[in-house]
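Here is what each chain is made of, one letter per residue.
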Amino acid sequence: ECYCFDSVLSIFDAGWRHFSLQVARLRRSFCGKSSLRSFDVPRVLAAEGISNFGSMLSRLAIPWLAALTLQATPLQMAALLVADVVSAAFASLWLGAWVDRSGKRKVMLITDAARFVLLAFLAAVVWFELVSFALLVVVAAASGVLTMGFELARSAWMAQRVPLDELMRRNS
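Residues numbered from 1 in each chain as written. Predicted model: local features only at pLDDT ≥ 70, side-chain atom pairs only at ≥ 80, totals over all residues. Heavy atoms only, no water.

1. Structural notes on the overall build of the chain
Logical step 1: The secondary structure content of the chain amounts to six helices and zero strands.
Logical step 2: If you list the helices and strands of the chain from N to C, you get α-α-α-α-α-α.
Logical step 3: When each of the 172 residues of the chain is scored for burial, the buried share is 39%.
Logical step 4: In the chain, of all internal contacts separated by at least 6 residues, the share reaching a separation of at least 24 is 79%. (Helix = DSSP H or I, 4+ residues; strand = E, 2+ residues; numbered from the N terminus. Buried < 20%, exposed > 50% of the residue type's maximum accessible area, 1.4 Å probe, protein only. Contact = heavy atoms within 4.5 Å.)

2. Remarks on the packing of helix 3 (residues 74–101) against helix 4 (residues 104–127)
Logical step 1: In contact at an axis separation of 7 Å, helix 3 and helix 4 are set at 130° when each is read in the N-to-C sense. Between helix 3 and helix 4, the interaxial angle falls into the category oblique. Of the residues in helix 4, those in contact with Trp98, Val99 and Asp100 of helix 3 are Lys104, Val107, Ile110 and Thr111.
Logical step 2: For the contact of helix 3 with helix 4, a count of residues per class yields four nonpolar, one polar and two charged. (Axes fitted to C-alpha atoms, helices over the stretch in contact; angles between N-to-C directions. Parallel < 35°, antiparallel > 145°, perpendicular 65-115°, else oblique. Nonpolar A, V, L, I, M, F, W, Y, C, P; charged D, E, K, R; others polar.)

3. Things to note about the packing of aromatic side chains
Logical step 1: Enumeration over the complete set of coordinates arrives at one aromatic pair.
Logical step 2: Here the aromatic rings of Trp94 and Trp98 are separated by 5.8 Å at their centres, their planes lie at 15°, and the arrangement is stacked. Placement of both Trp94 and Trp98 in helix 3 is noted, with a separation of four residues, approximately one turn of the helix.
Logical step 3: Judged by its relative accessible area of 56%, Trp94 is exposed.
Logical step 4: Given the relative accessible area of 24%, Trp98 is considered partly exposed. (Phe/Tyr/Trp six-rings, centres within 6.5 Å; stacked < 30°, edge-to-face > 60°.)

4. Focus on the packing of helix 4 against helix 5 (residues 133–161)
Logical step 1: Two elements in contact, helix 4 and helix 5, have axes separated by 8 Å at closest approach and are oriented at 160°. One element, helix 4, and the other, helix 5, form an angle in the roughly antiparallel class. Crossing hand, helix 4 versus helix 5: left-handed. (Left-handed = near helix turned anticlockwise from the far one by under 90°.)

5. Topic: the confidence of the model for the chain
Logical step 1: Summary statistics for the chain give a mean pLDDT of 79 and a share of 73% for residues scoring 70 or more.
Logical step 2: In the model of the chain, helix 1 (residues 5–30) stands out as the element of lowest mean pLDDT, 52, in contrast to helix 3, which has the highest, 93.
Logical step 3: Confidence over residues 1–12 falls short of pLDDT 50; this stretch has 13 contacts with residues more than four positions distant or in other chains. (pLDDT = per-residue confidence, 0-100.)

Following this line, the structure appears as structure tokens:
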């Protein structure tokens with residue numbers, strides 16, 4: 001059974017283009033002001049780019065996996081999206097409190113590492129041909145929660161590091 005290797009390559013190609021555009025956007029946003037000496041720009045660019053690539057990859061790969069391997073219906077595809085968005089929305093209240101009480105950088109590292117483990121687990125499940133729709137829904141929900149955790153921590157971290165007069169430009 002073929003999993004449409006060309007489709008998988010197109011996902012990675014689109015992901016790489018998106019990653020390159022994100023890095024260029026962030027470089028333009030962060031360069032040029034003297035206040036940037038207060039934090040390490042290359043590390044921020046790398047972390048943001050990798051996180052955005054991981055978010056985009058999971059949001060593309062999970063529905064494509066459902067469509068290509070399980071022949072998911074449109075209703076099931078919608079359920080995957082709803083699981084991602086609704087889980088993140090409900091978890092955001094708890095995640096916001098956790099981010100406020102924890103180190104922002106630590107939260108960003110934990111959520112990115114957990115998302116990597118989650119996607120590696122999904123790859124192993126696919127390798128052993130144990131994919132089920134229920135598992136994809138759980139993975140989509142967990143990925144949404146972890147992405148929300150990273151975004152909340154990144155926003156709080158940025159607000160602490162960037163001078164107030166530059167914050168709106170840098171967040172946009």
